[in-house]
Structures are given as structure tokens and as C-alpha cells.
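Results of the structural survey
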Amino acid sequence: MKIATYNVNGIRARLPVLLRWLEQESPDVVCLQELKAPDDKFPEKEIEEAGYSAIWHGQKSWNGVAILSREYEMEEVVRGLPGDPDDLQSRYLEVVVNGIVICCLYLPNGNPAPGPKFDYKLEWFDRLNLRAQELMALDIPVVITGDFNVIPTEKDVYKPERWVDDALFRPETRAAYHALIAQGWNDAIRIVYPYDVIYTFYDYFRNAFGRNAGLRIDHFLLSPKLVDRLTDAGVNRDVRGWEKSSDHVPVWIALK
DNA sequence: ATGGCTCCATACTGGAGA
């Protein structure tokens, strides 16, 4: 079973690239972030013609997440991150598919930091960790994946010293991420590739992709019940070089 | 230190992204 995550940065602008990538990689389940489209503008027909059912949580202009499935039935569990009725941003979707809970998230960017956007990021992170703790306590197969907007370590950024004050790398952000990991979650990419330099995002500016000046901010976290089933993982780095690419790269895992 | 690029909105410009 192959599961992928891809921050598309606008599903309408990205549709040709998305469909080409789906055709090439044939993932069973796909978590998408940054749809940048309201619910009624989600390209349901094109996704269906590509062979996928879909559940989506859209929003006008910004944010938006979706989960696609090629073969397995999906059952929606949670829409929107619990814990704050005033938070209307579409950043979290949770489903059960093939006996696995899959959480698709788009964690707030948080820049500029400090400031209200950074406060929102940390508050959102606290609520994510509460939900993750609930799932961990169930002792079942769970995948938490998506765009975390977190650079976990210095190894995950091309020039760490330039990012120390950024909301993606500040101590508070890394502390929240490490608190999540400390619940017992396993970083799938680092299990398969403990030492390699792996990036999932390249800025549109300054030929970042050509210089391999990237960040690793899209992650796959596996519950203990699932980690033994991990057989492979990777990033589709070449997709970043395609015409009209997203600034993010698809990330995937394979489970037995 | 700045700006470089790309997306979306109701649009010839600005906000957000990371």
C-alpha cells in the first residue's frame, strides 16, 4: 500500500502536474494540501476520471486539504482540527482507509515570528498534539502526514544559520514537533534514510531547486502499530523540475 | 538586508506563502 502527501499550492493551477504525477506513481492514497479553492471548485470530475475517489475540505483562496483513494473505501472521521470552534481554517482532515487512520494536515506557516501568526501556529500545534495523543492511546495503525511547516533538525535545511529566526525552525516550533515525536511517533523518511539530505520544498526564488537549496518540511509520522509494516519511503524530487510545478515535492511511503 | 517567484482574488495590484 503506497501512501503519498503533496502540497500542490493551488489544485486548479496544479491539476495537469497532479494528474501526470498520479499516472506515473499510482499511489493508493494521496493527502493534498493548499488546495486554495472553495469546496465547489474542487476538480472532482478530473480526479475521478484519473481513478480516485476524494474527500476534501476546501476554503476560498487559502489552505484546503483533501484525501484521495484509488481502490479502498474511505470513511471520514474528523473535518477541521478539533479544540477551537473559532478556528475556521481548512487545515485538517482525518479518514479511515484500509484499516488505517490517515490524518492529512497543513500546519500554519507562522511567519512573521514573533507575532499573531506565530501564536496561531503554536496554538494549532498544541491542538494537533492533543489529537495525536488521543490516537496514540488507541494503539492502532495511524499515519499523520502533510505539510508540517517544521524543519525538524539542522540536517533538514540547506543553511540552518539563515533559518534560526524563521517560524519553521524557531526553538518553540521544534520543541512542539519534538513533543509530538516524543509521544511515540516515527518519522518514516528518517527510518528509511537516517543520514541522507532529503528536501521536500524548494523556494520559487533564486533558482532554489537548481542549487538544491531546500527544506524538509513535509513528513510522514507512523504509530508504533504501523511502523513495522514500513517497507520503503521516498520523495519524487524530479516532479519539482516539471513545468508549472508546486514549490513542494511529493513524499511517499510503502506499507506491507 | 533585500528581493527574487507563484498563486488567488475581482484585478492591472496586493496578500500570503516559506
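Model, not experiment: these values are computed from the prediction.

Bringing the packing of aromatic side chains into the picture now. In the structure shown here, the tally under the stated rule is six aromatic pairs. A ring pair is formed by F148 and Y177, whose centres lie 6.0 Å apart and whose planes are at 90 degrees; its orientation type is edge-to-face. Within this pair, whereas F148 is found in the loop between β8 (142-147) and α4 (171-182), its partner Y177 is found in helix α4, the two being separated by 29 residues in sequence. Exposure class is identical for F148 and Y177. Each is buried. Plain terms: the ring middles of Y199 and Y202 are 6.1 Å apart, the flat faces sit at 85 degrees to each other, and that makes the pair edge-to-face. Here Y199 matches Y202 in class, with each residue buried. The ring of W252 has K2 sitting right over it, with the charged end atom 5.1 Å from the ring centre. Over the ring of W242 we find R20, and its NZ or CZ is 3.6 Å from the ring centre.

Cis geometry is adopted by the peptide bond preceding P112, which originates at N111 and carries an omega value of -5 degrees. Tracing the sequence through the fold places P112 in the loop between β7 (100-106) and α3 (116-138). Omega for the peptide link from A113 to P114 comes to 0 degrees, which places this bond in the cis form. A positive phi angle is found at D139, which is not glycine, with a value near 60 degrees. With respect to the helices and strands, D139 occurs in the loop between α3 and β8. If you check the backbone angles, N149 has positive phi at about 50 degrees while not being a glycine.

Thresholds, definitions, all that
- Residues numbered from 1 in each chain as written.
- Chains lettered and ligands numbered in written order.
- Predicted model: local features only at pLDDT ≥ 70, side-chain atom pairs only at ≥ 80, totals over all residues.
- Heavy atoms only, no water.
- Phe/Tyr/Trp six-rings, centres within 6.5 Å; stacked < 30°, edge-to-face > 60°.
- Helix = DSSP H or I, 4+ residues; strand = E, 2+ residues; numbered from the N terminus.
- Buried < 20%, exposed > 50% of the residue type's maximum accessible area, 1.4 Å probe, protein only.
- Lys NZ or Arg CZ within 6 Å of the ring centre and 35° of its normal.

Keep in mind these numbers describe shape, not what the thing actually does.
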